[in-house]
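Listed below are the residues making up each chain.
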Amino acid sequence: MIKQVSIFLENRAGRVAEITEMLAGMGINLDAISIADTESYGILRIIVENPEQTCDFLRKRGVTATLTDVLDVNVRHEPGGLARILKIFADNSITIEYIYTSMSTKDGYASIIIRVEHPEEAEELLRAAGYTLG
Amino acid sequence: MKYYNEAIETMPRDAMRALQSERLRNTVERMYAYVAPYRRLMDEAGVKPSDIRTIDDITKLPFLSSENLRENYPLGMIAVPREKTTRIHASSGTTGKPKVVAYTQHDVDVWSECVARCIVSAGAGENDVIQVAYGYGLFTGGLGLHYGAENLGATVIPTSSGNTLRQIEMMIDLGSTYLCCTPSYALYIADTMEKNNIPVELLSLKGGIFGAEPWTEEMRREIEKCLNIKAYDIYGIAEITGPGVACDCECQNGMHVNEDNFYIEIIDLVTGEPLPDGERGEVVFSCINKEALPLLRYRTHDISYITREKCECGRTLVRLMKPSGRTDDMIIVRGINVFPSQIESVLLSVKGVSPHYLIIVDRHDNHDTIEVKVEVSPEIFSDKIRGLQSYAEEIQRKMDSVLQISAKITFVEPGTLPRSEGKAKRVIDNRKLYT
């Protein structure tokens, strides 16, 4: 299980650029990124090397940010790779809030970020099924 | 029919002053005798009922404001036993509690006569078909116009507000000759007709009596053009009686005040001293012919001026000109009074919501909109869209039930809303309501 940094985004032009520039200025590399948006605001979700530090850094600059537990699962980059995991969740009634993928794949595996309601339980199930997690 | 009550409406000034003096004396005596909070105020001001001989002595009396109603909520200011009242209305207060107003049968009768005078002064008579599209209920608009039109002997169609297409259908099918509603709703009706390709020629309308919210001369001309009618302004606030305190005549040059019942003064915004005719200040009303709630020197927060110059219509009643602003931060949206403090208390009742907010009022296609920008606080922010959305929905639900307004809630980043020393600017009103 890893920590995701979740960031509130006001719906105005250039806001995502401002935040990514702040992160770039601190030399923070983004391993994964996703944006959820509504009509009037958005939520930027990022995976970085030092989430606690990044979150503190952003808050000090007036950004509303919070840490969220998410699963970072290594999934085989092939047809049905994700489906097999989701089947495990479905069979165990684990609800998924959202899913996104990380920037890179290596050795035929892709890293998938999954937010579920009960991450501990989900992690245990995945490990038992032979998956490796970040 | 030129006047509803010619004797009063064209009464020589001296006779009017005599009538006002007598009614003021009676009212002060009753207020002093029966309303303990008012007796205390008079005692504090060192004035006795016997000090009030003529209407000019009214300046010796203390002012009243919505604060006094709030302190004595709900009915602590009434001058009759509750059993004697026959009607209750209410309008928004600055905090959670509304301003509750009460009437005896005498008060309802006087009120409906005043409204009847207004309807006649707006050119209508007993043969007219009057469609009342103000909201019916605690709001004084609907029932106020209704009783006035009935008193006159006109045919009343109580459509209340909303359901615009049915409103138009009734107007056409029943041949309504007068429409009573908020001026913005009149324009909304006109827009709706245009969008649905309903020609204005199908209407039998001759005039409209519009009020409950500020409007400009430009809006008047627009309504007159779109609906092919004459548009008359009617003034009133619930604390004084409701609509019918004053109304335009055919000259459309100031609203004649029913001053045999509601005595008007204009006071200096800073010193509270009475101002001469023609000078702009705060409008203050005294109810000198009311039993249940005869508020005296009640500060309305409306800014305007009066004139006693002779009016071509023949009425001698003093004229109140269109208000040009407010002394407080009250906003009127679709005829409903809203105070920023009410919105604030709704926001603060939702756990974790920050007290920093900005209210943006706008008008699109003659429909008023309220947007409330709220700063996101770390307590309510979560990684899930659903999280913030449910806060927005909770705020909206509460606004709807407490204020009867639907507002759009927009979350903004912390620290981005204006802050200032003392009173922050909480409202941006993009409507052009005052000239």
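Placed above this text is the structure.
Keep in mind it's a predicted model, so treat the numbers as computed, not measured.

Peer 1: When you look at the overall build of chain A in this model, what are you seeing that I'm missing?
Peer 2: Broken down by element type, chain A carries four helices and six strands. Secondary structure elements of chain A occur, N-terminal to C-terminal, as β-α-β-β-α-β-α-β-β-α. Scaling as 2.2 N^0.38, a compact globule of 134 residues should have a C-alpha radius of gyration of about 14 Å, and chain A matches this with 16 Å. Taken along its principal axes, the extent of the C-alpha atoms in chain A is 40 × 30 × 25 Å. With 134 residues in all, chain A has 46% of them scored as buried. In chain A, the share of contacts with a sequence separation of at least 24, taken over all contacts with a separation of at least 6, comes to 67%. Summed over its atoms, the accessible surface of chain A is roughly 6900 Å², and 48% of this surface lies on carbon and sulfur atoms. One finds the centroid of the 13 positive side-chain charges in chain A at a distance of 2 Å from the centroid of its 20 negative side-chain charges.

Peer 1: Where do I start with the sheet that holds strand S11 (residues 281–287) of chain B in this structure?
Peer 2: Backbone hydrogen bonds hold the strands of a sheet together, and the pairing may be parallel or antiparallel. Residues and elements named next belong to chain B. The strand order across the open sheet built from four strands is S10-S11-S12-S15, with neighbouring strands paired in antiparallel fashion. Each of the sheet's edge strands pairs with one partner strand only, and the pair in question is strand S10 (262–267) and strand S15 (325–326). Taken together, the six bridges between S10 and S11 define a ladder with antiparallel strand orientation. Its bridge partner lying in S11, Ile264 is registered against Phe285.

Peer 1: What's the story with unusual backbone geometry in this structure? I'm lost.
Peer 2: The general pattern is negative phi for most residues beyond glycine and trans for most peptide bonds. Residues and elements named next belong to chain B. The step from Tyr73 to Pro74 runs through a cis peptide bond, and the omega angle for that step is -5°. Residue placement: Pro74 occurs in the loop between helix H4 (66–71) and strand S1 (85–91). The phi dihedral of Asn163 is positive, around 50°, even though this residue is not glycine. Of note, Asn163 is situated in the loop between strand S4 (155–157) and helix H7 (164–173).

Peer 1: Teacher, can you tell me more about the sheet that holds strand S21 (residues 427–429) of chain B here?
Peer 2: All names here are of chain B. The four strands lie next to each other as S20-S19-S18-S21, forming an open sheet whose pairing is mixed. Every other strand in the sheet has two partners, leaving strand S20 (407–412) and S21 as the edge strands with one partner each. Across the sheet, the axes of successive neighbouring strands diverge by a mean angle of 20°, strand direction being ignored. In the packing of helix H10 (residues 340–348) onto the sheet, contacts are made with strand S18 (357–364), strand S19 (367–375) and S21, and the angle to S18 comes to roughly 125°.

Peer 1: Before we go on, may I ask you to explain the pairing of strand S6 (residues 207–211) of chain B in this structure?
Peer 2: Every regular strand shows the same layout, with side chains that alternate between the two sheet faces. Residues and elements named next belong to chain B. Counted residue by residue, S6 has five buried out of five residues, so it is predominantly covered. Of the pairings in the sheet, the one linking strand S5 (residues 178–181) to S6 comprises four bridges and is parallel in character. Paired with Leu179 across the strands is Gly208, a residue of S6. A crossover links S5 with its parallel partner S6, the connecting element being helix H8 (residues 183–195), and its sense is right-handed. With five bridges joining them, S6 and strand S7 (residues 230–235) adopt parallel strand pairing. Along S7, the bridge assignment pairs Gly207 with Lys230.

Peer 1: Help me out: how do you make sense of the pattern of salt bridges in this one?
Peer 2: A pair can form between side chains of opposite charge whenever their charged atoms are brought close. Throughout the structure, instances matching the rule amount to 39 salt bridges over all chains. The shortest N-O distance in the salt bridge between Glu10 of chain A and Arg12 of chain A comes to 3.7 Å. The exposure class of Arg12 of chain A is partly exposed, given its relative accessible area of 36%. Among the ionic pairs, Arg431 of chain B bridges to Asp429 of chain B, the shortest N-O distance being 3.0 Å. What makes Arg431 of chain B buried here is its relative accessible area of 7%. Here Asp429 of chain B falls in the partly exposed class, since its relative accessible area comes to 31%.

Peer 1: Sorry if this is basic, but what is going on with the pairing of strand S4 (residues 65–76) of chain A here?
Peer 2: All names here are of chain A. Note that strand S1 (residues 2–10) and S4 share six bridges and pair antiparallel. Residue Ile7 lies in a different strand from S4, and its bridge partner there is Ala65. Bridge count for S4 against strand S6 (residues 109–116) is six bridges, and the pairing is antiparallel. Within S6, the position partnered with Asp72 by the bridge is Ile113.

Peer 1: Where do I start with the packing of aromatic side chains in this structure?
Peer 2: Applying the stated rule across the entire model yields nine aromatic pairs over all chains. Directly above the aromatic system of Tyr109 of chain A lies the positively charged group of Arg76 of chain A, at a separation of 5.2 Å from the ring centroid. A cation over an aromatic ring shows up here: Lys290 of chain B above the ring of Tyr103 of chain B, its NZ or CZ 5.5 Å from the ring centre.

Here is what the cut-offs are and how they apply
Residues numbered from 1 in each chain as written. Chains lettered and ligands numbered in written order. Predicted model: local features only at pLDDT ≥ 70, side-chain atom pairs only at ≥ 80, totals over all residues. Heavy atoms only, no water. Helix = DSSP H or I, 4+ residues; strand = E, 2+ residues; numbered from the N terminus. Rg over C-alpha atoms; globule rule 2.2 N^0.38 Å. Buried < 20%, exposed > 50% of the residue type's maximum accessible area, 1.4 Å probe, protein only. Contact = heavy atoms within 4.5 Å. Areas by Shrake-Rupley, 256 points an atom, 1.4 Å probe, with all protein chains shown as cover. Lys, Arg positive; Asp, Glu negative; His and termini not counted. Charge placed at Lys NZ, Arg CZ, Asp CG, Glu CD. Pairing = 2+ DSSP bridges. Axes fitted to C-alpha atoms, helices over the stretch in contact; angles between N-to-C directions. Right-handed = clockwise from strand over helix to strand, strands pointing away. Salt bridge = Lys/Arg side-chain N within 4 Å of Asp/Glu carboxyl O. Phe/Tyr/Trp six-rings, centres within 6.5 Å; stacked < 30°, edge-to-face > 60°. Lys NZ or Arg CZ within 6 Å of the ring centre and 35° of its normal.

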